[in-house]
Amino acid sequence: MTVVDRIADIWGTRTPYPKDGLWPVRVDQALQEGVTEADVDRWVQSACVLCSNGCACDIAVKDGAMVGIRGRAGDLVNHGRMGPKGLFASWQGVSSGERLQRPLIREHGRLVECDWDTAMDRITERSRQLLHDRGPLSHGFYTSGQLFLEEYYALAVIGKAGIGTPHMDGNTRLCTATAAAALKESFGADGQPGDYTDIDSCDAIFLYGHNMAETQTVLWSRVLDRIAGPDRPRLVCVDPRDTEVARYADVHLAVRPGTNLALMNALVREILANGWLDEAYVRDHTLGLDELRATVEPWTAEAAAAICDVPAADIREAARIFGTSGRVLSTVLQGFYQSAQATASSCQVNNLHLLRGLLGRPGCGILQMNGQPTAQNNRECGADGDLPGFRNWENPEHIDELARLWNVDPLTIPHWSPPTHAMQIFRYAEQGSIEFLWISATNPAVSMPDLPRIRNILATPGLFLVVQDLYLTETALAADVVLPAAGWGEKTGTFTNVNRTVHLSDKAVEPPGEARSDLEIFLDYARRMEFTTLEGGPLLSWAGPEDGFEAWKECSRGRPCDYTGVSYERLRGGSGIPWPCNDENPDGRVRLYGDGVFPTDPEYCESYGHDLLTGATVGPEAFRARAPSGRAILKAADYHPPHEEPDREYPLRYTTGRTAYHFHTRTKTGRSRPLTRAAPSAWVELSPHDAGRLGIGEGDLVRVTSRRGRIEVPARISDIRSGTIFAPFHYGYWDRDGSPGEQPTAANELTITEWDPVSKQPVFKNAAVKVEKIGDATGPAPAPSTTASRPSAAAAGPRSVQPTAGGRQGQATEWVGAAPPPRFPEAIGRSGQDGRP
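Remember, predicted model here, so these are calculated numbers, not experimental data.

A. Fine view of empty space enclosed by the protein. The final tally for this structure, using the stated rule, is 4 cavities of 30 Å³ or more. By volume, the second largest cavity amounts to about 90 Å³. In terms of lining, the second largest cavity is formed by Cys48, Leu50, Cys51, Cys55, Met82, Gly83, Pro84, Lys85, Gly86, Thr215, Thr217 and Val218. Secondary-structure elements contributing two or more residues to the lining of the second largest cavity are α1 (84-89) and α8 (217-227). With 3 residues, α1 is the largest single contributor of residues to the lining of the second largest cavity. The residue inventory of the lining of the second largest cavity, partitioned by class, reads 7 nonpolar, 4 polar and 1 charged.

As structure tokens, this is what we get:
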């Protein structure tokens, strides 16, 4: 065993390996101070829920409490590795004495404790009254990307078959709605074509707006190990910041925020102009080449360079790497999804792979990434507003399928218009048409754009607000009823990561006090509301999570996300299983579309598609007229500048993002001492050029102002591109009485209420701001110096020091070997090139 400071050394010890080789095992482990392996009573199977990678792990339990975590050596996702958040905020993040333990109700303006019957009676009384007086459109549900599959499916059935409301969405709308939208537009259905093992076999990796080094630290470890091997893949990075990814890149395209589509159209044009396309594949397996060619023709490298402010030669070199590499993996994340023309830009990534026929083979993949651990389940199960099982809300037969499955009247299931997206749900609450809003496991008072407006909506007098969560978050402080939920390790359920791998998380310990699992809460609500089938039986008669999983399997049968071959029993003891898993794919399918057949049949597809510029639906008639016949669609759109551009009053571009040390609004990671010490409070980043022009030094207190609000935080002088300001979005106010007070620090005080026309994902990456110094530095900014936020070598003034954990707080043990150590009976195997045992 080797002891490593995994706060300062985020990605851990290198284990190099060759192309088409097996990623070596490295088991990461962290135990509570004073606890040794010999002290552990038992290890309980789970997977990490602090990013979307889905790293399998085991929870250490001693005396009925969680005391540690280790990676599972036999799992094909992480081969034993864990990231800093998993090591230091998994069990620690749910073990705080600040956990909610009893329900709360609002009495005379104050939240007071009560019993479950009192809380649930108050919820159901208000719900029944509104359904009687106003109907189902009075109800809205806003959930998370962090519940379990069984919980999402229960919520979807309640909302769609019990209440009949279209007003359901999740914070996946803020995170990766564009991933689903782009996959549906190009391929006909959601579901990642690629697999993590494509890293093992590729010749080049393209990362589009994806700071993988901080958002999926274990996946980046895999990339680093390929880079350290004998046949390094080429790297191309699209990001305005000098991230760790950019530092390893052969080509770094530091584009001006909001100009992604101009760049992508130029890359597509270069592929076409140089004849780097697979003409036979395009002819046999795609539609739309002529329109795509005409759309991108004006976008020469020089034209895109002028818009994006990057060298034309770098655009050409990036295109050459894509066009001439034998096997290419592309990954996409928030830099594209949360920016202008998000779906159009992401579709061009799909187009590049379709033009070259780079799908369905080892090393040839697309990962339209997720940011949250169970975002995929939210989309599959329909708690985000989509129909369960990737069904098409415009297809009447799909509605009838669900009605037969649930034994309800088809007219109950909302399908007369598109599902209501999150931004519109809050607009309806603002206008008063939604009077009952149930928020579970998310914190919109920090994560939504234009926070002053969101706070006003949550405080609307006529809005009955239910919040279920682990802690008294900024959102919960505004609630009429607060329900204490069980957290990770305190309940059983399944969840699915980015590359469609399903993991089981078993209950390790009891939740604190009277806290209940989200599934128990939803089932209790359905029972009290007396939601029934056509025969009068209970709509949800499940006794527990495994019943919910079996019900979900029937819902998924025959659909792209078919789970019918998966079971709790099969998921215990070994690795996760990718869907589709059924009679045709008994061990799951590693990659999609290897046969060149796509789910675009009009009777089967999840979506008929949209106009990428306006968001207007194509509709069933026009879609059928194209006769896709299992072919993918090359979607095209011209570039248009963002709606809010810098001007004389607000001359700088503002963008937000993540740091490696925190997850979302710090509800869990902010209660980890090592992670909090590494990134204790908010900051903004400026380039040396902008800082010098404005007279700002490292650590100076600055005020950043947009048309919506302001923040006042220390400045980090980093290697971000000039003209752009960056802020991490994690820092709200739960640790300072829940209010911004006189010195707001939440990044979304400044962001704009605008969204992509297709995915409806908010635009967090483009806003116009001004910056002014308001105080001298008392030390360096609280930003980490191990990541993209490290100080620029060109910066003047105080320099930050590399974060350390102090004692054991940031230490983890690593075991490196060619095979799992004796205490891990599972072994990683590989048959053929698929990387599955």
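B. Quick peek at the sheet that holds strand β10 (residues 204-208). Strand order in this open sheet of 5 strands is β12-β11-β10-β14-β15, and the pairing throughout is parallel. Each edge of the sheet is formed by a strand with only one pairing partner; in this case those strands are β12 (251-253) and β15 (365-368). Neighbour-to-neighbour, the strand axes of the sheet open up by a mean angle of 10°, direction not taken into account. As judged from the 5 bridges shared by β10 and strand β14 (residues 328-332), these two strands associate in the parallel manner. Among the inter-strand pairings, Tyr208 is bridged to a residue of β14, identified as Val332.

C. Molecular detail of the packing of aromatic side chains. Taken as a whole and assessed by the stated rule, the structure comprises 25 aromatic pairs. Taking the centre distance of 6.0 Å and the plane angle of 55° together, the rings of Trp438 and Phe522 count as tilted. Here Trp438, found in strand β16 (residues 436-440), pairs with Phe522, found in helix α22 (residues 518-529); they are 84 residues apart in sequence, far enough to count as distant. The same class applies to Trp438 and to Phe522, which are both buried. With a centroid separation of 5.3 Å and 50° between ring planes, the pair formed by Phe549 and Tyr568 is classed as tilted. Here Phe549 is found in helix α23 (residues 545-556), whereas its partner Tyr568 is found in helix α24 (residues 568-571), with 19 residues between them in sequence.

D. Region of interest: the pattern of salt bridges. One pass over the full model with this rule turns up 70 salt bridges. Several salt bridges converge on common partners, so that one network encompasses Asp117, Asp121, Arg516, Asp524, Arg527 and Arg528.

E. Up close: the packing of helix α13 (residues 301-308) against helix α14 (residues 312-324). It is the contact of α13 with α14, at a shortest axis distance of 8 Å, that shows an interaxial angle of 120°. With respect to α14, the element α13 is oriented oblique. As for the relative orientation of α13 and α14, their crossing is right-handed in sense. The segment α13 lies against α14, with Ala301, Glu302, Ala304 and Ala305 engaging Ala312, Ile315 and Arg316. For the contact of α13 with α14, the per-class residue count stands at 5 nonpolar, no polar and 2 charged.

F. Just the layout of surface pockets, in detail. The computed volume of the largest pocket comes to approximately 610 Å³. Forming the walls of the largest pocket are 38 residues, and the residues nearest its centre are Asp386, Pro418, Pro419, His610 and Val758. At the level of secondary structure, the elements contributing two or more residues to the lining of the largest pocket comprise α4 (172-175), α5 (177-187) and α19 (422-431). By residue number, the principal contributor to the lining of the largest pocket is α5, which donates 5 residues. Here the residues of the lining of the largest pocket are counted per class, giving 13 nonpolar, 14 polar and 11 charged. There is about 430 Å³ of room inside the second largest pocket. What lines the second largest pocket is a set of 23 residues, and nearest its centre among them are Pro560, Arg589, Val597, Pro599 and Tyr604. Its residues assigned to classes, the lining of the second largest pocket shows 9 nonpolar, 6 polar and 8 charged.

G. Fine view of the side chain of Asn260. Residue placement: Asn260 occurs in helix α10 (residues 260-273). Residue classification places Asn260 among the buried residues on the basis of a relative accessible area of 4%. Contacts of Asn260, omitting those with residues within four sequence positions, involve Val238, Val255, Gly335, Phe336, Ser339 and Ser345.

Parameters and conventions
- Every chain is numbered on its own, with residues counted from 1 as its sequence reads.
- Selection of residues for local features in this predicted model requires a pLDDT of at least 70, selection of side-chain atom pairs for listing and counting requires 80 or more, and totals for whole chains, interfaces and linings are taken over all residues.
- Side-chain numbers come from the whole structure's heavy atoms, not from hydrogens or water.
- Here a cavity is any set of points on a 1 Å grid over the protein atoms alone where a 1.4 Å probe fits but cannot get out, and a pocket is any open set with protein on both sides within 12 Å along at least 5 of 7 lines; a residue lines the site when it has an atom within 4 Å of a point.
- Grid points are joined across faces, edges and corners, and a volume is the space filled by probe spheres set on the points.
- Starting at the N terminus, helices and strands are each numbered in turn, a helix being any DSSP run of H or I of at least four residues and a strand any DSSP run of E of at least two.
- Classes in brief: Ala, Val, Leu, Ile, Met, Phe, Trp, Tyr, Cys and Pro nonpolar; Asp, Glu, Lys and Arg charged; the others, Gly included, polar.
- Following DSSP output, two strands are said to pair if at least two bridges run between them.
- Note on method: axes are straight lines fitted to C-alpha atoms, helices fitted across the in-contact stretch only, with angles between N-to-C directions ranging 0 to 180 degrees.
- Stacked, tilted and edge-to-face pairs are distinguished by plane angle, under 30 degrees for stacked and over 60 for edge-to-face with tilted covering the rest, among Phe, Tyr and Trp rings (Trp via its six-membered ring) whose centres lie within 6.5 Å.
- Burial classes: relative accessible area under 20% of the type maximum marks a residue as buried, over 50% as exposed, and values in between as partly exposed (1.4 Å probe, protein chains only).
- One side-chain nitrogen of Lys or Arg within 4 Å of one carboxyl oxygen of Asp or Glu is enough to make a salt bridge.
- Angles below 35 degrees are treated as roughly parallel, those above 145 as roughly antiparallel, those between 65 and 115 as roughly perpendicular, and all remaining angles as oblique.
- Each crossing is labelled by how the near helix is turned from the far one, with a counterclockwise turn of less than a right angle marking it left-handed and a clockwise turn marking it right-handed.
- Should any heavy atoms of two residues lie within 4.5 Å, those residues are considered in contact.

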